[in-house]
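# Residue-level structure breakdown
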Amino acid sequence: MKILIVEDEQAIAEVVSAYAKRDGYETVIAQDGLTALEIFERDAIDLVILDLMLPKLPGEEVCRRIREKSSVPIIMLTAKNGEADVVEGLDLGANDYVAKPFSPRVLMARIRANLRNKETRDNLASGLCAGGRIEIDPERVEIRKDGKVIPMTKSEFLIFSTLASRPIRTWSREEIIRVALGDDFDGFDRTIDTYIKNLRKKLAEPEHENGWIKTIYGFGYRFDDDGEKN
Ligand code: CA
């Protein structure tokens, strides 16, 4: 596992690197935004720690450009920590946000959590399902129905892709939370019902039985596209 640390303050970069190495990761440091993109192109990077105030190219732009081609986890590490900055960072596609001054141990825990989430995502369904009508694109975090992108939140995408990864398998609400949402989840297990309701509405499911996402009363949900004609 290799972590790219994008940070122009050398002391901070070295502290982060030392902690990460102690936890068994390889590290590479970029001291400006352009170098960060060059390294990202060249090396197989598993996670990015990204400062925002950087020479040559601001962190926001680095985040945007990485996101154009990769779903690698990005943790913003920055003194810009007003609510608007956090929202902007997450909108740009950052996975997480750690404010400076920071605790290296907290940062390491966030690294582990984000890598676990990535592992979940790597196991998501991809490609065509529902008789070819739905296409799941994990790279773009997109679901298309009959060729058209269905706008959805990240959580809705993760839940749908998890259910579709194992058609017919029934998932309890707790399993959906653990497998699909993991550390991203902020709510209680009935929140899943709301996600499912929104997904059904957005996908405008066919009318057969109760649609592609079936409710298994007293247990949870499953994805079933059996009724769908090819
Ligand atoms: Ca800086």
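Just so we're clear, the structure is a prediction, and the values are computed from it rather than from any experiment.

### Side note on the sheet that holds strand E2 (residues 26–30)
The parallel open sheet is built from 5 strands, whose spatial order is E2-E1-E3-E4-E5. Looking at which strands have only one partner, the edges of the open sheet turn out to be E2 and strand E5 (96–99). Between one strand axis and the next, the sheet turns by 20° as a mean value, whatever way the strands run. Note that strand E1 (residues 2–6) and strand E3 (residues 47–50) share 4 bridges and pair parallel. Each bridged residue has a counterpart across the sheet, and for Leu4 the counterpart in E3 is Val48. Relative to the sheet, helix H2 (residues 33–42) contacts E1, E2 and E3, its axis offset from that of E2 by approximately 145°.

### Quick notes on the sheet that holds strand E12 (residues 220–223)
Overall, antiparallel pairing links the 3 strands, which are arranged E10-E12-E11 in an open sheet. Of all strands in the sheet, those with a lone pairing partner are strand E10 (170–172) and strand E11 (213–216), marking the two edges. Here the average twist between neighbouring strands, direction ignored, is 30°. Pairing between E11 and E12: 4 bridges, direction antiparallel. Looking at the pairing, Ile213 lines up with Phe223 of E12. The sheet contacts of helix H7 (residues 173–181) involve E10 and E12, and relative to E10 the element is tilted by about 90°. Across the face of the sheet, helix H8 (residues 191–203) comes into contact with E11 and E12 while running at roughly 145° to E11.

### Brief notes about the nonpolar core
Within the largest apolar cluster, 30 residues are counted, with the highest numbers of intra-cluster contacts made by Ile134, Ile136, Ile159, Phe160 and Ile192. Within the residue set of this core, elements represented by two or more residues are strand E7 (134–137), helix H6 (154–165), H7, H8 and E12. With residues up to four places along the chain from it excluded, the contact list for Ile134 reads Gly127, Leu128, Cys129, Ile143, Arg144, Lys145, Phe160, Leu203 and Trp212. Counting residues in hydrophobic clusters, the runner-up holds 23 residues, among them Leu4, Ala30, Ile45 and Leu57.

Basis of the calculations
Residues numbered from 1 in each chain as written. Predicted model: local features only at pLDDT ≥ 70, side-chain atom pairs only at ≥ 80, totals over all residues. Heavy atoms only, no water. Pairing = 2+ DSSP bridges. Helix = DSSP H or I, 4+ residues; strand = E, 2+ residues; numbered from the N terminus. Axes fitted to C-alpha atoms, helices over the stretch in contact; angles between N-to-C directions. Contact = heavy atoms within 4.5 Å. Core = buried A, V, L, I, M, F, W, Y, C linked by side-chain atoms within 4.5 Å. Buried < 20%, exposed > 50% of the residue type's maximum accessible area, 1.4 Å probe, protein only.

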